[in-house]
Amino acid sequence: MISINYRDPRPLYEQIKESIIKLIMTKSLKENEQLPSVRELAVELAINSNTIQRAYRELENEGYIYKITGKGTFVSPQEHFKPNTEELMENFREAVAKLLFAGESAESLKKEIEKIQKEVGNND
C-alpha cells in the first residue's frame, strides 16, 4: 500500500502524501473509502505519528481526504480535489524539457501521457 524510501531526499510526510495520491488516482483507494488511522499507519510504517498527521493534514487541505470526528479519515469525491495545478504544471514542463533535452521524442512523451490518462481513467 504505502511505502517509504529512506534514500529519497523528500521528507517522509511528502512520500506518504504522494503514495496516497497515487493510490487514489489509480483507484486503489476509492471514493469514501476509509484510510488507516494516524496511529495504525504510524505503527505499520514504524514512524512518528506526527509525520502521518502532517501528510493527512496536507491531503485534507488539498481536498483529497476528509475527516469525520469519531469515525475516521476518508477519500474525498474527485470533485473536491484541489491540487496546486500551477506547481504541478511547472514540474511537468521542467520534466518534459529535461526529457526532450535527453533525446526523448515528443511522440514518445505523447504516448506516455495517453498511457497515464488510461491508468487514471480520465479520457477527456
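Not measured: the values here are computed from a predicted model.

## Let's talk about the pairing of strand β1 (residues 65-68)
Logical step 1: Of the pairings in the sheet, the one linking β1 to strand β2 (residues 72-75) comprises four bridges and is antiparallel in character. Counterpart to Y66 in the pairing with β2 is F74.

## Regarding the environment of R7
Logical step 1: Inspection of the secondary structure assignment puts R7 in the segment before α1 (12-25).
Logical step 2: With 74 residues separating them along the chain, R7 and F81 place their C-alpha atoms 29 Å apart.

## What to know about the pattern of salt bridges
Logical step 1: A full pass over the atoms with the stated rule returns seven salt bridges.
Logical step 2: For the salt bridge of E58 with R54, the shortest nitrogen-to-oxygen distance reads 3.7 Å. One end of the pair, E58, and the other, R54, are both in helix α3 (residues 49-61), four residues apart, so they sit about a helical turn from each other.
Logical step 3: By sharing partners, the salt bridges in this structure join K17, R54, E58 and E62 into a single network.

## Quick look at the nonpolar core
Logical step 1: One finds I16, I20, I52 and Y56 to be the most contacted residues of the largest nonpolar core, which totals 22 residues.
Logical step 2: The greatest single-element share of this core, amounting to six residues, is contributed by α1.
Logical step 3: If sequence neighbours within four positions are ignored, I52 has contacts with I16, V38, L41, A42, L45 and I47.

## Considering unusual backbone geometry
Logical step 1: Located in the positive-phi region is N32, a residue other than glycine, with phi close to 70 degrees.
Logical step 2: For N32, the position within the fold is in the loop between α1 and α2 (38-45).
Logical step 3: Judged by its relative accessible area of 40%, N32 is partly exposed.
Logical step 4: With a phi angle near 55 degrees, A46 is a residue other than glycine that sits in the positive phi range.

## Quick word on the environment of M25
Logical step 1: Mapped onto the elements, M25 comes out in helix α1.
Logical step 2: Classification of M25 by relative accessible area gives partly exposed; the value is 39%.
Logical step 3: Remark: the alpha-carbon pair of M25 and G121, spanning 96 residues in sequence, is separated by 8.4 Å.
Logical step 4: Ignoring anything within four residues of it in the chain, the contact list for M25 reads E119 and V120.

## Considering the packing of aromatic side chains
Logical step 1: The final tally for this structure, using the stated rule, is two aromatic pairs.
Logical step 2: With a centroid separation of 4.8 Å and 35 degrees between ring planes, the pair formed by Y64 and F81 is classed as tilted. Of the two residues, Y64 is situated in the loop between α3 and β1 and F81 in the loop between β2 and α4 (85-101); the sequence distance between them amounts to 17 residues.
Logical step 3: With a relative accessible area of 8%, Y64 lands in the buried category.
Logical step 4: Assessed through its relative accessible area of 22%, F81 is described here as partly exposed.
Logical step 5: If you follow R54 out to its NZ or CZ, it ends over the ring of Y13, 3.8 Å from the centre.

## Here we look at a nonpolar patch on the surface
Logical step 1: A surface patch of nonpolar side chains, amounting to about 270 Å² of accessible area, comprises M89, F92 and I113.
Logical step 2: Structurally, F92 can be placed in helix α4.

What counts and how
- Residues numbered from 1 in each chain as written.
- Predicted model: local features only at pLDDT ≥ 70, side-chain atom pairs only at ≥ 80, totals over all residues.
- Heavy atoms only, no water.
- Pairing = 2+ DSSP bridges.
- Helix = DSSP H or I, 4+ residues; strand = E, 2+ residues; numbered from the N terminus.
- Salt bridge = Lys/Arg side-chain N within 4 Å of Asp/Glu carboxyl O.
- Core = buried A, V, L, I, M, F, W, Y, C linked by side-chain atoms within 4.5 Å.
- Buried < 20%, exposed > 50% of the residue type's maximum accessible area, 1.4 Å probe, protein only.
- Contact = heavy atoms within 4.5 Å.
- Phe/Tyr/Trp six-rings, centres within 6.5 Å; stacked < 30°, edge-to-face > 60°.
- Lys NZ or Arg CZ within 6 Å of the ring centre and 35° of its normal.
- Patch = residues over 30% accessible without salt bridge, like charges linked within 9 Å, V, L, I, M, F, W, Y side chains within 5 Å.
- Areas by Shrake-Rupley, 256 points an atom, 1.4 Å probe, with all protein chains shown as cover.

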